[in-house]
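These are the residues of each chain, in order.
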Amino acid sequence: VITDGISYRILPGAKDYKRIGEADTGKNTGGMGAVSPVPFATPAFLEKVEQRIIKPTVDGLREDGIDYRGFIFFGLMNVGGDPFVIEYNARLGDPEAEVILPRIGSDLFDLFEGVAQRDLACRNVTIIPDTAVTVVVVSGGYPDNYGKGFVISGTERVTESTLFHAGTKTDNGRLVTAGGRVLAVTSLGATMSEALGKSYSSVSEISYDGMNYRKDIGLDLRIFTE
């Protein structure tokens, strides 16, 4: 959500994928991909989230005299249809942000202005109904030791996706790797399959030494969408 300390606006939800390997195997990472919306987060479940978690959190901050304005990112677990809080973040999650922000159809600056002026209740937020998915491409060896400085090619051929740069830099005019998580490849589609197809097609255009990515982002959600 985004809040001005009095009211709040609910932003799109997202599911991320933390493990380095397919089928959620291997070590935890900062995030290997994300999907929004979350198919199993039904209207009934989201109503529980708002009434049991979001509203009490915003009200509690105000009642405790904490003048908090900005994003609150709720890390949740679905336990038998009931939401439980794992963590709070004073920012959007990553790579969740890369699927949340593309689905906000209204002017984000207008929401920020509402936060600053404390009239967020008068501002509207429009959510695009399309599905957004992001596939994160990482350096070989991540999340353990990995090399840097490998030339990245093919980004100029990506036309159906948005590339969010994370671990990149320019070196003598060339784009090179500079971190563990290198790029987040985000696409929108009328269905999750369409969005995933675009992202994986875009990923196939990109190459660098040691490039790695998960090939099963969103596949666990097909049972809810097909």
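Residues numbered from 1 in each chain as written. Predicted model: local features only at pLDDT ≥ 70, side-chain atom pairs only at ≥ 80, totals over all residues. Heavy atoms only, no water.

Chemist: Can you walk me through the overall build of the protein chain in this structure?
Modeler: Within the protein chain, the secondary structure is distributed over 5 helices and 14 strands. Taking 17 Å as the expected radius of gyration for a compact globule of 226 residues, we find that the protein chain reaches 19 Å, a close match to that expectation. With the C-alpha coordinates of the protein chain rotated into their principal frame, the extents come out at 55 × 40 × 35 Å. Out of the 226 residues in the protein chain, the part that is buried amounts to 43%. Within the protein chain, residue pairs in contact and separated by at least 24 positions form 66% of the contacts whose partners lie at least 6 positions apart. Just so you have it, the protein chain exposes about 11200 Å², and 52% of that area is on carbon and sulfur atoms. Taken as two groups, the 23 positive and 30 negative side-chain charges of the protein chain have centres that lie 3 Å from each other. (Helix = DSSP H or I, 4+ residues; strand = E, 2+ residues; numbered from the N terminus. Rg over C-alpha atoms; globule rule 2.2 N^0.38 Å. Buried < 20%, exposed > 50% of the residue type's maximum accessible area, 1.4 Å probe, protein only. Contact = heavy atoms within 4.5 Å. Areas by Shrake-Rupley, 256 points an atom, 1.4 Å probe, with all protein chains shown as cover. Lys, Arg positive; Asp, Glu negative; His and termini not counted. Charge placed at Lys NZ, Arg CZ, Asp CG, Glu CD.)

Chemist: Can you help me understand the sheet that holds strand β1 (residues 2-3) in this one?
Modeler: The strands that make up a sheet are held in pairs by hydrogen bonds between backbone atoms, and each pair lies either parallel or antiparallel. Across the sheet, 3 strands lie side by side as β2-β1-β7; this open sheet has antiparallel pairing. Each of the sheet's edge strands pairs with one partner strand only, and the pair in question is β2 (8-9) and β7 (70-71). (Pairing = 2+ DSSP bridges.)

Chemist: Help me out: how do you make sense of helix α1 (residues 43-63) in this one?
Modeler: Helical geometry: 3.6 residues make up each α-helical turn, so side chains three or four residues apart lie on a common side. Here α1 contains 21 residues, and its C-alpha end-to-end distance of 28 Å stays within 8% of the 30 Å for a straight helix at 1.5 Å per residue. Approximately 40° is the largest bend angle found in α1, and it occurs at E50. The set of residues buried in α1 consists of F45, V49, I53, I54, T57, V58, D59 and G60. Where α1 is buried, its residues contact β1, β2, β8 (73-79) and β9 (82-89). Looking one or two residues beyond α1, the residue adopting positive phi is G65, at roughly 75°. (Expected span 1.5 Å × (residues − 1). Bend = angle between axes of the 7 residues up to and from the residue.)

Chemist: Would you explain the nonpolar core in this entry?
Modeler: Most often, soluble globular proteins keep nonpolar side chains buried together rather than apart. Ranked by size, the top nonpolar core spans 21 residues in total, and within it V35, I152 and I206 carry the most contacts. Listed by contribution, the elements that provide at least two residues to this core are β10 (131-138), β14 (181-189) and α4 (192-203). Element by element, the count of residues in this core is highest for α4, at 4 residues. Other than its neighbours up to four places away in sequence, I206 contacts I152, S153, T155, V158, L163, L183, V185 and M211. (Core = buried A, V, L, I, M, F, W, Y, C linked by side-chain atoms within 4.5 Å.)

Chemist: Help me understand empty space enclosed by the protein, please; the structure alone is not making it clear to me.
Modeler: One pass over the structure, following the stated rule, counts 1 cavity of 30 Å³ or more. Within this model, the largest cavity holds a volume of roughly 40 Å³. Looking at the lining of the largest cavity residue by residue, the class counts come to 4 nonpolar, 2 polar and 1 charged. (1 Å grid on protein atoms, 1.4 Å probe; cavity = no way out; pocket = protein on both sides within 12 Å on 5 of 7 lines; lining within 4 Å. Points joined across faces, edges and corners; volume = space filled by probe spheres on them. Nonpolar A, V, L, I, M, F, W, Y, C, P; charged D, E, K, R; others polar.)

Chemist: Looking at this structure, I do not really get the pattern of salt bridges. What am I missing?
Modeler: For side chains of opposite charge, pairing can occur when their charged atoms come near one another. In total, this model carries 18 salt bridges according to the counting rule given. A salt bridge links D82 to R52; its shortest N-O distance comes to 2.9 Å. A residue pair is termed long-range when its members are at least 10 positions apart, and D82 in strand β9 and R52 in helix α1 qualify at 30 residues. We classify R52 as partly exposed; its relative accessible area is 47%. Look at the salt bridges and you will find they share partners, linking D110, E113, D119 and R123 into a network. (Salt bridge = Lys/Arg side-chain N within 4 Å of Asp/Glu carboxyl O.)

Chemist: It is not clear to me how α4 should be interpreted in this structure. Could you clarify?
Modeler: Taking 1.5 Å of rise per residue, the 12 residues of α4 would be expected to cover 16 Å, and the 16 Å separating its terminal C-alpha atoms lies within 8% of that figure. Those residues of α4 that sit buried are M192, A195, L196, S199, S202 and V203. Down the axis of α4, the buried set is contained in an arc of 130°. They therefore lie on one face. (Arc of directions from axis to C-beta.)

Chemist: In this structure, what is going on with the packing of aromatic side chains? I would like to understand it.
Modeler: Each pair of aromatic rings is reported with the distance of its centres and the angle of its planes. Inspection of every chain in the model, using the stated rule, returns 4 aromatic pairs. Between the aromatic rings of F71 and F112, the centroid separation amounts to 6.1 Å while the plane-to-plane angle is 80°, which identifies the pairing as edge-to-face. Of this pair, F71 sits in strand β7 while F112 is found in helix α3 (residues 108-117), placing the two residues 41 residues apart along the sequence. Classification of F112 by relative accessible area gives partly exposed; the value is 38%. Measuring from centroid to centroid gives 6.2 Å for Y200 and Y213, while their planes differ by 45°, and the two rings are tilted. Of this pair, Y200 sits in helix α4 while Y213 sits in the loop between α4 and α5 (222-225), placing them 13 residues apart in sequence. The positively charged end of K15 is found above the aromatic ring belonging to Y17, 3.8 Å away from the centroid. One Lys or Arg, K215, reaches over the ring of Y213 and ends 4.5 Å from the middle of that ring. (Phe/Tyr/Trp six-rings, centres within 6.5 Å; stacked < 30°, edge-to-face > 60°. Lys NZ or Arg CZ within 6 Å of the ring centre and 35° of its normal.)

The values reported here are purely geometric and, on their own, carry no functional implication.
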